[in-house]
Amino acid sequence: MEPNKDAFLKSVLQWTIANTDTSSSSNVTPMDPERRIWLKEALETITVDPLKELKDCIARLNNESSDEEKIAALETIQEWCEDLNFANDFHKIGGFNVLRSILVASNPELKWRAADIIATLVQNYEDCQKAVLDADFLPILLNILDSEKENENVLVKTLFAVSGLNWR
């Protein structure tokens, strides 16, 4: 969940608790079906399914999206993969394949963002380290370090990814 949305929901909960009249007894009655449907729809609009969002981002990266759309997708993946649970899910749903294609592409901004995601995935998470090594990312990353001369961000993020692979 986005930090602003999370903070907003916490503040709504705090406001609700503070403004609930607990002095009088209230009769709790079953919710009528129309109100139940409304509540369900309202809750669905303010919650996010992280796995669905990761899959949508992977789909955008696999199709002919613009570079701006791909950058937005990589930023979203980066945010979700900072959570170890979603980092593991990202691997399980085939996210590594899309990162491989981006790392060998020519757009440096996409390349450094993909390297940054790999760095995040492998940082302090042995399962992802093993998965990245098993998927043969190390030769790709080392090749980038050897061949990239133009973009400092690509070099820094790639070095970050390689260093995360080698700490164990």
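Residues numbered from 1 in each chain as written. Predicted model: local features only at pLDDT ≥ 70, side-chain atom pairs only at ≥ 80, totals over all residues. Heavy atoms only, no water.

Novice: In this structure, what is going on with the overall build of the chain? I would like to understand it.
Specialist: Along the chain, the regular secondary structure elements total 10 helices and zero strands. The helix and strand sequence of the chain, counted from the amino end, reads α-α-α-α-α-α-α-α-α-α. For the chain, the C-alpha radius of gyration of 21 Å lies well beyond 15 Å, the compact-globule estimate for 168 residues. In terms of principal-axis extent, the alpha carbons of the chain reach across some 70 × 35 × 25 Å. When burial is assessed residue by residue, the chain has 33% of its 168 residues classed as buried. For the chain, restricting intrachain contacts to residue pairs at least 6 apart in sequence, the fraction spanning at least 24 positions comes to 66%. Across the chain, 17 positive and 29 negative side-chain charges occur, with their mean positions spaced 4 Å apart. (Helix = DSSP H or I, 4+ residues; strand = E, 2+ residues; numbered from the N terminus. Rg over C-alpha atoms; globule rule 2.2 N^0.38 Å. Buried < 20%, exposed > 50% of the residue type's maximum accessible area, 1.4 Å probe, protein only. Contact = heavy atoms within 4.5 Å. Lys, Arg positive; Asp, Glu negative; His and termini not counted. Charge placed at Lys NZ, Arg CZ, Asp CG, Glu CD.)

Novice: Explain the pattern of salt bridges to me, please; I cannot follow it from the model alone.
Specialist: A side chain with one charge may pair with a side chain of the opposite charge, provided their charged atoms come close. Taken as a whole and judged by the stated rule, the model has five salt bridges. Note that Asp 56 and Lys 52 form a salt bridge whose closest N and O atoms lie 3.1 Å from each other. Pair noted here: Asp 56 and Lys 52 are both in helix H3 (residues 50-62), with a separation of four residues, about one helical turn. Of the residues examined, Lys 52 reaches a relative accessible area of 49% and is grouped as partly exposed. One salt bridge in this structure joins Arg 113 and Glu 75, with 3.2 Å as the shortest N-O distance. Linking Arg 113 in helix H7 (residues 108-122) with Glu 75 in helix H4 (residues 67-81), this pair joins segments that are 38 residues apart in sequence. Bridged by salt links that share partners, the residues Glu 75, Glu 109 and Arg 113 form one connected network. (Salt bridge = Lys/Arg side-chain N within 4 Å of Asp/Glu carboxyl O.)

Novice: Any chance you could explain the packing of aromatic side chains here in plain terms?
Specialist: When we look at a pair of aromatic rings, we describe it by the centre distance and by the angle of the planes. This model, assessed by the stated rule, comprises three aromatic pairs. Ring geometry for Trp 80 against Phe 86: centres 5.1 Å apart, planes inclined by 85°, an arrangement best described as edge-to-face. Across this residue pair, the class does not change: Trp 80 and Phe 86 are buried. Aromatic side chains Phe 96 and Phe 137 sit 5.8 Å apart centroid to centroid with 85° between the ring planes, which places their arrangement in the edge-to-face category. With a gap of 41 residues between them, Phe 96 in helix H6 (residues 95-103) and Phe 137 in helix H9 (residues 137-147) connect regions that are remote in the sequence. Judged by its relative accessible area of 1%, Phe 137 falls in the buried class. (Phe/Tyr/Trp six-rings, centres within 6.5 Å; stacked < 30°, edge-to-face > 60°.)

Novice: Would you mind going over the nonpolar core with me for this structure?
Specialist: Across soluble globular proteins, you tend to see nonpolar side chains buried next to one another. Ranked by internal contacts, the top residues of the largest apolar core, which has 39 residues, are Phe 90, Leu 99, Leu 103, Ile 118 and Leu 121. When residues of this core are assigned to their parent elements, the largest contribution, nine residues, is made by H7. Excluding residues that lie within four positions of it along the chain, Ile 118 makes contacts with Leu 99, Leu 103, Val 132, Phe 137, Leu 141 and Ala 161. (Core = buried A, V, L, I, M, F, W, Y, C linked by side-chain atoms within 4.5 Å.)

Novice: Honestly, the state of the cysteines in this entry has me stumped. Any pointers?
Specialist: Summed over all chains, the structure comprises zero disulfides. Counting only cysteine sulfurs, Cys 81 is the nearest neighbor of Cys 57, a cysteine outside any disulfide, at a range of 9.5 Å. Its relative accessible area of 1% is what places Cys 57 among the buried residues. Cys 81 supplies the cysteine sulfur nearest to Cys 128, a cysteine that is in no disulfide, at a spacing of 7.6 Å. (Disulfide = S-S within 2.5 Å.)

Novice: Explain H9 here, please?
Specialist: For the α-helix, the turn length of 3.6 residues means that residues three or four positions removed from each other point alike. Buried residues of H9: Phe 137, Ile 140, Leu 141 and Ile 144, and no others. The buried residues of H9 occupy an angular sector of 95° when the element is viewed end-on, so they sit on one face. Those residues of H9 hidden inside the fold are in contact with H6, H7, helix H8 (126-134) and helix H10 (152-165). (Arc of directions from axis to C-beta.)

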